[in-house]
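Next come the chains, spelled out residue by residue.
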Amino acid sequence: MKSNFRLCVLLAFVISFSIVSCNKNNDPVKGKYQSGVLVANQGNFGSANGDVTFYNPTSGQAEQTIFKNVNGSFSGDVLQSITLNGDVGYLVLNGSNKIKIVNSNTFTQTGIFTDPKLDKPQYLAVINGKAYISVWGAYDHNYNLIKSYLLVMNTQTLQAVDTISTDLGVGNLLYNGKYLFASNTNFGSSSTVSVIDPSTDKRIKQLTLSAGPAGMVLDANSKLWVIATGTYGGNNGMLYRINPSLFAVEQTISLGANPGNSLCISPDKKTLYYAVGNKIFKIAFDGTAAPTSPFINAADVVALNTLAVNPANGDIYVGDALNYSSSGNAYIYDAAGNKKTSFAVGITPTQFVFQ
Amino acid sequence: MKAILFLLGTWTTTAGWAQQNEPTLLKPITVYGLPEEKYLTGSSVVPLDSALKAHEHSRSLGEILAYQFPVYFRTYGNGMLAGISMRGTSPQHTAVLWNGININSFSLGQADFSILPAAALDEVKVHEGAGSARYGSGAFGGSVLINSYPSSGKNNLTLAQEAGSFGRYFSSATASYTLNRWSLKTNIYNLSSQNNFPVLATGERQPHAAFRQSGILQDIEYKWSESKMVSLHYWYHNADRDIQPTIGQQNATDNQQDRNHRFSIQYRSYSRYGLLSLTGGYINDVIVYNNNPGGVIRWVSAARHEFVWASFHTQVRAEWNHIIGNIANYQNGHAQEDRYDFTSSIQKNLGERLSLTLNLRQPVVSRFQAPFLPYLGAEFMLLKKARHEIKIRGSLSKNYRVPTLNDRYWQNAGNKNLLPETSHAAEAGINYRLGSLEISNTWFAQKVDDWIQWVPGQAGVYRPQNIEQVLAKGMEVRISSRQKINEVILLPSFSYQFTQSTTTQAPASLQYTLGKQLIYTPQHTATGFVQLVWRKFSSDITAQYNGLRYTDLGNSDAYALPAYVLFNFSMGKFWVSHQHRFDLRVSIKNISNLDYQLYAGRAMPGRHYNLQFTYQLTKSN
């Protein structure tokens with residue numbers, strides 16, 4: 001018995017040593033969270049319990065509320081999105097009107113950005129040392145949105161340096177290496193995508209599509225795809241393929257439904273995915289019409305809130321918000337549409353980030 | 001007058017001891033017929049300790065009750081919205097009655113206990129447990145009964161001034177005057193607070209949480225004769241609050257103003273046929289949220305007759321509520337409905353030891369068949385000696401709650417055909433008294449059907465549905481005593497409640513909530529206080545404990561709020577000179593400087609202080 005125990009200890013030591021040395025040789029350990037899937041969980045609106053779930057696809061283990069585990073309290077109210085830029089992570093807190101900056105490998109908080117103009121921030125994109133933050137903005141006393149804009153922050157000084165006006169209800173951001181595209185959704189009341197030239201920080205164009213432009217991706221031909229969610233109950237969602245240099249719509253696909261905000265693409269950038277309710281559809285990058293039947297019918301999912309594709313292996317990740325006020329679930333399907341596994345996440349999962 | 005004396009005589013013999021633990025009740029009050037608790041045999045109606053209430057003169061009921069009753073308040077920050085949870089139910093399941101009129105918000109269904117200031121309330125009693133048959137819609141977890149008493153028979157002027165931490169100032173003046181057949185009382189108060197307390201979690205000052213509350217009360221009573229009188233009560237309360245944002249939130253701008261007009265006029269007449277009372281009421285609740293006003297107006301009229309027939313004490317009552325909702329989010333910004341209630345209550349003593357009551361109510365509400373609501377209660381005195389009493393008691397009841405106006409009329413979400421929630425409740429208990437030591441133990445269970453829940457449907461739009469069944473069961477212990485050691489009077493009191501309140505039926509999309517404890521419903525709740533009186537000095541320590549509270553329906557530990565215990569201390573002295581009395585009191589709140597939350601993400605202040613000065617001029621008639 002005793003010798004068995006000793007053997008076990010020795011084995012464990014050898015194994016752990018070999019793992020450590022292996023890591024040391026190939027990939028220096030920068031932190032517990034350097035490799036895996038981050039899930040942004042909004043938390044309960046008004047309860048300041050937005051936080052991040054870390055999922056390790058290799059071990060299948062999920063760790064909840066990692067920001068709290070490292071820093072002592074939840075990240076803040078309504079964690080809308082996470083943007084990674086090298087070893088820096090930006091947590092966009094829509095309710096707290098804050099950006100919290102962390103080391104993306106350890107999740108230790110390294111800074112906070114606040115500004116009187118930071119009112120309901122949505123997403124963040126980092127371009128040449130500047131962070132472009134989409135800001136929903138304030139409502140007037142009749143609940144009309146006054147104006148939305150991008151707030152530009154210097155990532156070194158954490159000071160606001162500029163604002164760039166957009167259309168109302170700005171949300172998703174995509175940088176294609178030349179221009180920054182910002183989709184203006186406003187719950188289906190706006191129909192535009194603003195185009196910003198980061199070299200001048202000016203809006204150079206505003207593309208008019210149809211109601212509710214939301215998620216955006218670039219395909220294998222570097223074309224910009226935009227999903228428009230349509231008007232409430234209007235079943236008039238659309239997909240647009242846009243030439244990002246000429247700003248011309250090359251393909252319009254009517255979806256005959258109100259899809260969710262998420263638009264994602266396979267690792268080879270040749271297949272797009274979107275969701276309507278808990279049904280996931282796919283369409284080829286040279287497709288011309290919407291598929292009539294879903295690729296995956298995610299029957300287990302109560303409230304599909306976000307959809308993403310792991311760029312490493314093409315796995316499809318689905319975030320289930322349940323009733324938006326309970327800890328939700330994430331489901332993983334392989335590229336063939338077979339369910340692989342699921343794991344627990346926090347309240348209202350809203351984005352998957354792969355690192 | 002004969003009638004009053006007669007009624008007094010019959011209840012003092014059987015009901016007297018129930019109040020002995022509350023020395024404060026011994027102050028003279030006028031009794032018109034049987035006291036409320038006699039019609040709720042089998043459960044308990046406990047008054048708020050009036051000494052402690054006086055010490056907390058500038059505080060709201062939401063800040064006081066949780067130190068005397070095993071109840072929980074989900075409070076959205078210091079001085080902010082406070083919803084009560086009694087016996088494992090939600091804030092919509094406690095009815096607050098002001099002079100017999102339900103003053104819960106009819107749009108939200110719940111009462112905001114942060115805008116019910118002690119300074120405006122003459123008498124507060126708490127009925128724990130289900131009592132819809134007597135108190136109407138929503139009385140599942142309990143009822144809070146607030147009554148005005150126009151006159152004490154003396155001419156009185158009271159001035160109070162308080163100053164406290166975080167720029168908190170309170171002033172009030174009360175004058176009561178009796179002349180011949182007229183009794184008048186006027187009460188005005190004003191509370192303001194910068195409320196910029198240091199947030200313990202961040203070390204920063206709490207931004208955007210300043211508030212002001214003020215109000216006026218006017219009571220007028222006119223006695224035609226010993227047997228006929230008219231009384232009029234008017235209460236206007238105005239609250240203006242910057243809504244305290246979540247911890248760490250920047251750029252907050254939300255503001256809420258509450259304006260509540262409450263008016264009631266009552267005519268009472270005694271004759272050999274009994275006691276007749278006619279009540280008219282007008283309630284106008286306005287909430288102005290970010291400059292958008294919305295309100296509910298109610299006209300209430302009620303007639304009640306109370307009489308004794310063959311030693312059956314009987315009350316019959318009819319009530320009509322005309323409700324007008326003027327809220328922009330309703331279809332056409334308007335909703336209107338009428339509700340009628342017909343009730344009768346019967347109390348009967350069988351011999352010296354057994355007391356029985358039966359309450360029956362038939363509500364009539366538009367668009368659904370309202371259930372018939374009975375309450376049957378019994379008490380039996382097992383042992384009755386001078387220093388030693390044992391009483392067993394129990395009750396069975398059916399209860400209901402009408403969906404709120406929001407549930408019924410909210411544009412694109414409300415459902416006019418929602419069913420009322422109904423509950424079946426049972427409780428049993430034992431009271432034991434040895435000298436001044438009183439111990440009571442109560443076991444309760446309540447099953448609520450058609451529990452209304454707003455659930456997200458298509459495109460994340462929330463709609464209310466009758467989808468759940470909830471079972472709330474538990475046990476409560478209360479211990480109180482009064483000890484006199486030489487010149488020192490000690491008044492200790494303790495309560496503890498264990499409550500399991502779980503979802504027992506849910507639709508397919510909410511299966512994960514089955515067997516889970518309701519949110520913001522601690523399993524363990526305890527309160528305790530000790531009052532010490534020595535000559536003209538008095539001092540008290542009050543405490544409240546709440547166990548772990550889940551904040552999500554799935555009972556995730558990651559989001560739960562941890563257990564906490566809070567302590568307050570106060571010390572005071574009074575001086576009397578002729579007709580003048582001066583009181584000075586110092587209070588320390590949250591002595592241990594504990595960082596705690598009553599609602600997730602809303603900071604509460606650490607240790608803070610309050611200084612209270614009261615002057616009273618009394619002149620006997």
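Here we summarise the structure given alongside this text.

Definitions and limits used
- Residues numbered from 1 in each chain as written.
- Chains lettered and ligands numbered in written order.
- Predicted model: local features only at pLDDT ≥ 70, side-chain atom pairs only at ≥ 80, totals over all residues.
- Heavy atoms only, no water.
- Phe/Tyr/Trp six-rings, centres within 6.5 Å; stacked < 30°, edge-to-face > 60°.
- Helix = DSSP H or I, 4+ residues; strand = E, 2+ residues; numbered from the N terminus.
- Buried < 20%, exposed > 50% of the residue type's maximum accessible area, 1.4 Å probe, protein only.
- Contact = heavy atoms within 4.5 Å.
- Polar contact = N/O pair within 3.5 Å; in protein donor to acceptor, adjacent residues only side chain to side chain.
- Salt bridge = Lys/Arg side-chain N within 4 Å of Asp/Glu carboxyl O.
- Buried area = accessible area lost by both parts, 1.4 Å probe.
- Nonpolar A, V, L, I, M, F, W, Y, C, P; charged D, E, K, R; others polar.

On to the packing of aromatic side chains. Residue and element names in this part refer to chain A. Inspection of the entire model under this criterion finds 28 aromatic pairs over all chains. Plain terms: the ring middles of Tyr33 and Phe107 are 6.0 Å apart, the flat faces sit at 85° to each other, and that makes the pair edge-to-face. One end of the pair, Tyr33, is in the loop between helix 1 (2-26) and strand 1 (37-41); the other, Phe107, is in the loop between strand 6 (98-103) and strand 7 (109-113), and 74 residues separate them in sequence. The class for Tyr33 is buried, based on a relative accessible area of 2%.

Residue and element names in this part refer to chain A. Along the chain, Thr252 falls in strand 19 (residues 248-254). Residue Thr252 is classed as partly exposed on the basis of its relative accessible area, which comes to 38%. Once the C-alpha coordinates of Thr252 and Ala308 are considered, the two residues, 56 residues apart in sequence, prove to be 22 Å apart.

Quick look at the environment of Asn326(B) now. Residues and elements named next belong to chain B. Structurally, the position occupied by Asn326 is in strand 16 (residues 312-326). It is 35 Å that separates the C-alpha atoms of Asn326 and Ala425, two residues lying 99 residues apart in sequence. Aside from chain neighbours lying at most four places away, what touches Asn326 is Gly294, Gly295, Ile297, Gly333 and His334. Within the structure, Asn326 has its side chain in polar contact with the side chain of His334 (distance 2.9 Å).

With that out of the way, let us pick up the environment of Tyr39(B). Residue and element names in this part refer to chain B. Structurally, Tyr39 is set in the loop between helix 1 (2-15) and strand 1 (44-47). With relative accessibility at 0%, the residue Tyr39 sits in the buried group. In the structure, Tyr39 is positioned 318 residues away from Thr357 in sequence and 6.0 Å away in space, judged by C-alpha atoms. A distance of 3.5 Å separates polar atoms of two side chains, one belonging to Tyr39 and the other to Glu306.

Residues and elements named next belong to chain B. Within this structure, the stated rule accounts for 32 salt bridges over all chains. In this structure, the salt-bridge partner of Glu476 is Arg87, at a minimum N-O distance of 3.8 Å. Residue Glu476 is found in strand 23 (residues 462-480), and its partner Arg87 is found in the loop between strand 3 (82-86) and strand 4 (94-98); the two are separated by 389 residues along the sequence. This pair shows no difference in class: Glu476 is buried, exactly as Arg87 is. Ionic pairing is found between Arg393 and Glu427, a salt bridge with its closest N-O pair at 4.0 Å. Of the two residues, Arg393 is situated in strand 20 (residues 388-401) and Glu427 in strand 21 (residues 421-434); the sequence distance between them amounts to 34 residues. A relative accessible area of 8% means that Arg393 is categorised as buried. When salt bridges with common partners are traced through the structure, they connect Arg87, Glu128, Arg393, Glu427, Glu476 and Arg478 into a single cluster.

Our next topic: the interface of chain A and chain B. Facing the 31 residues of chain A at the interface are 30 residues of chain B. With both sides pooled, the region where chain A packs onto chain B buries about 2300 Å², and carbon together with sulfur makes up 49% of that total. The tally of links from chain A across to chain B stands at 0 salt bridges. Viewed at the interface, chain B and chain A are joined by 16 residue pairs in polar contact (both at pLDDT 80 or more). Of the residues assigned to the side of chain A that touches chain B, the class counts are 10 nonpolar, 17 polar and 4 charged.

It is worth stressing that arrangement in space is one thing and function is another; only the former is reported here.
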